[in-house]
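Geometric and topological summary
The chain contents come next:
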Amino acid sequence: EELAEYEELIRRLYEAISSLPPMQARRIHARYILGIKVKDIAAMEGITPSQAGKSIRAALRRLRRYFARQKWTVNL
């Protein structure tokens, strides 16, 4: 049962990430799935760490709203 709950959470998370604009989805994936630091994401994209961080925070807010609209609960 625990495994099934985990798999459902992962499915929902990927569904939510796919609802993001492509650039934000890539940044979220790089930061939280691949574990790349914000400064390194910024360097790869040729932007400032501040810009990358702001985009990632905005994406997290969008993910929280997506989860709320779907009435899914998770601590993001």
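A brief report on the enclosed structure follows. Computed from a predicted structure; not experimentally measured.

1. Thoughts on the overall build of the protein
When helices and strands are tallied, the protein shows four helices and zero strands. From first element to last, N terminus to C terminus, the protein shows the α and β order α-α-α-α. Viewed in the frame of its principal axes, the protein has a C-alpha envelope of about 45 × 25 × 20 Å. With 76 residues in all, the protein has 28% of them scored as buried. In the protein, 52% of the contacts between residues at least 6 apart in sequence involve partners at least 24 apart.

2. Things to note about the packing of helix α1 (residues 2-18) against helix α4 (residues 49-69)
Two numbers describe how α1 lies on α4: the axes approach to 10 Å, and their chain directions differ by 120°. Between α1 and α4, the angle falls in the class oblique. For the pair α1 and α4, the sense of crossing is right-handed. Contacts from L9, R12, L13, E15, A16 and I17 of α1 reach α4 at L63, Y66 and F67. Considered class by class, the residues forming the contact of α1 with α4 number seven nonpolar, no polar and two charged.

3. Here we look at the packing of aromatic side chains
Working definition: an aromatic ring pair is given by the centre-to-centre distance plus the angle between the planes. Within the structure shown, the criterion is met by two aromatic pairs. Where F67 meets W72, the ring centres are 5.1 Å apart and the plane angle is 80°; that geometry is what we call edge-to-face. In this structure, F67 and W72 share a single accessibility class: buried. Members of the aromatic cluster, each reached through a chain of ring pairs, are Y66, F67 and W72. The ring of Y32 carries the charged tip of R31 above its face, separated from the ring centre by 5.6 Å.

Rules used in this analysis
In this numbering scheme, every chain counts its residues from 1 along its sequence in written order. Reporting of local features is limited, given that this is a predicted model, to residues whose pLDDT is at least 70; pairs of side-chain atoms are given and counted only at 80 or more, and all residues count toward the totals for whole chains, interfaces and linings. Excluding hydrogens and water, the side-chain figures rest on all heavy atoms present in the structure. Counting from the N terminus, the helices are DSSP H or I runs at least four residues long and the strands are E runs at least two residues long. Burial classification: accessible surface area is computed with a 1.4 Å probe over protein chains only, and a residue below 20% of its type maximum counts as buried, one above 50% as exposed, and the rest as partly exposed. In what follows, residue pairs with any heavy atoms lying within 4.5 Å of each other are defined as contacts. Helix axes are fitted to C-alpha atoms over the stretch in contact, other axes to C-alpha atoms as well, and angles between N-to-C directions run from 0 to 180 degrees. The labels follow the angle: roughly parallel below 35 degrees, roughly antiparallel above 145, roughly perpendicular from 65 to 115, and oblique for the rest. Each crossing gets its hand from how the near helix is turned against the far one by less than a right angle, where anticlockwise is left-handed and clockwise is right-handed. Residue type decides the class: Asp, Glu, Lys and Arg count as charged, Ala, Val, Leu, Ile, Met, Phe, Trp, Tyr, Cys and Pro as nonpolar, and the leftover types, Gly among them, as polar. Each pair of aromatic rings taken from Phe, Tyr and Trp, with Trp reduced to its six-membered ring, is defined by centres within 6.5 Å and is described as stacked if the planes are under 30 degrees apart, edge-to-face if over 60, and tilted in the remaining cases. Here, over-ring charges are defined by two tests on the NZ atom of lysine or the CZ atom of arginine: distance to the ring centre within 6 Å, and angle to the ring normal within 35 degrees.

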